[in-house]
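# Chain and residue survey
This is what each chain is made of:
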Amino acid sequence: MLSQENYLRATRQAGELIIREFSARMGSDYERQRNFDFGPGKHNYVSRLSPYLRRRLVLESEVVQAARDRHGSKASEKFVQEVFWRTYFKGWLELRPDVWRQYCGGLAEVLSCLQTNPQYRACVEAAEEGRTGLAYFEAWAQELIQT
């Protein structure tokens, strides 16, 4: 099993290990459970393959093949769709550079607000530190801080 520290080291070997470990959950359970947050340390239906796919350390075809080999085409359909959706959307964005430019412009505006508006900056810091008064958000923020 890959430790939290090893998830930070994106290597082909680590990506292959994640595929092997996660393949048991690429079937119909993934379809039913993928949109639920069961709390810290219980993200059993999040593959954590994105850094490996993004860097081409493992390929979409390998991930899809692992899902189909383990569960068959029907039971792995939703997981395979999610892999293809990721690939499609990446290509969609690459063909629309204005979307990225608009995002960067909006980001620059937000960052400027953080520098010039102390109240806005305080709200963002409270959210980042898990001090919003919203229990569900604070639990999520604390988990992000810890992991």
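Owing to the predicted nature of the structure, the values given are computational and were not obtained by experimental measurement.

## Topic: the pattern of salt bridges
Pairs can form between side chains of opposite charge whenever their charged atoms are close. Scanning all chains against the criterion turns up 10 salt bridges. Residue E82 pairs with R34 through a salt bridge whose shortest N-O separation is 3.5 Å. A residue pair is termed long-range when its members are at least 10 positions apart, and E82 in helix α6 (residues 77–94) and R34 in the loop between α3 (28–33) and α4 (50–54) qualify at 48 residues. Looking at E82, the relative accessible area reads 30%, which means it is partly exposed. Residue class for R34 comes out partly exposed when judged on its relative accessible area of 23%. With its nearest N and O atoms 2.6 Å apart, the salt bridge here joins E94 to K90. Remark: K90 and E94 occur in helix α6; sequence separation between them is 4 residues, near one turn of the helix. Among the ionic contacts, a cluster of salt bridges with common partners joins R12, E16 and E62.

## Details of the environment of D37
Following the sequence through the fold, D37 ends up in the loop between α3 and α4. Within polar-contact distance, the side chain of D37 engages the backbone nitrogen of G39 at 2.9 Å.

## Re unusual backbone geometry
In this structure, R48 is a non-glycine residue whose phi angle is positive, near 65 degrees. At R56, a residue that is not glycine, the phi angle is positive and equals roughly 65 degrees. Tracing the chain through its elements places R56 in the loop between α4 and α5 (60–75).

## Overview of the confidence of the model for the chain
Mean pLDDT over the chain stands at 92; residues scoring 70 or higher make up 95%. For the chain, per-element mean pLDDT is lowest for helix α1 (residues 4–7), which scores 56, and highest for α5, which scores 98.

## Observations concerning the nonpolar core
Ranked by size, the top nonpolar core spans 18 residues in total, and within it I19, M26, L49, V58, V63 and F79 carry the most contacts. Among the secondary structure elements, those contributing two or more residues to this core are α2 (12–22), α4, α5 and α6. Ignoring sequence-local partners within four residues, the contact set of V58 consists of R12, G15, E16, I19, Y52, L53 and V63.

The rules behind each value
Residues numbered from 1 in each chain as written. Predicted model: local features only at pLDDT ≥ 70, side-chain atom pairs only at ≥ 80, totals over all residues. Heavy atoms only, no water. Salt bridge = Lys/Arg side-chain N within 4 Å of Asp/Glu carboxyl O. Helix = DSSP H or I, 4+ residues; strand = E, 2+ residues; numbered from the N terminus. Buried < 20%, exposed > 50% of the residue type's maximum accessible area, 1.4 Å probe, protein only. Polar contact = N/O pair within 3.5 Å; in protein donor to acceptor, adjacent residues only side chain to side chain. pLDDT = per-residue confidence, 0-100. Core = buried A, V, L, I, M, F, W, Y, C linked by side-chain atoms within 4.5 Å. Contact = heavy atoms within 4.5 Å.

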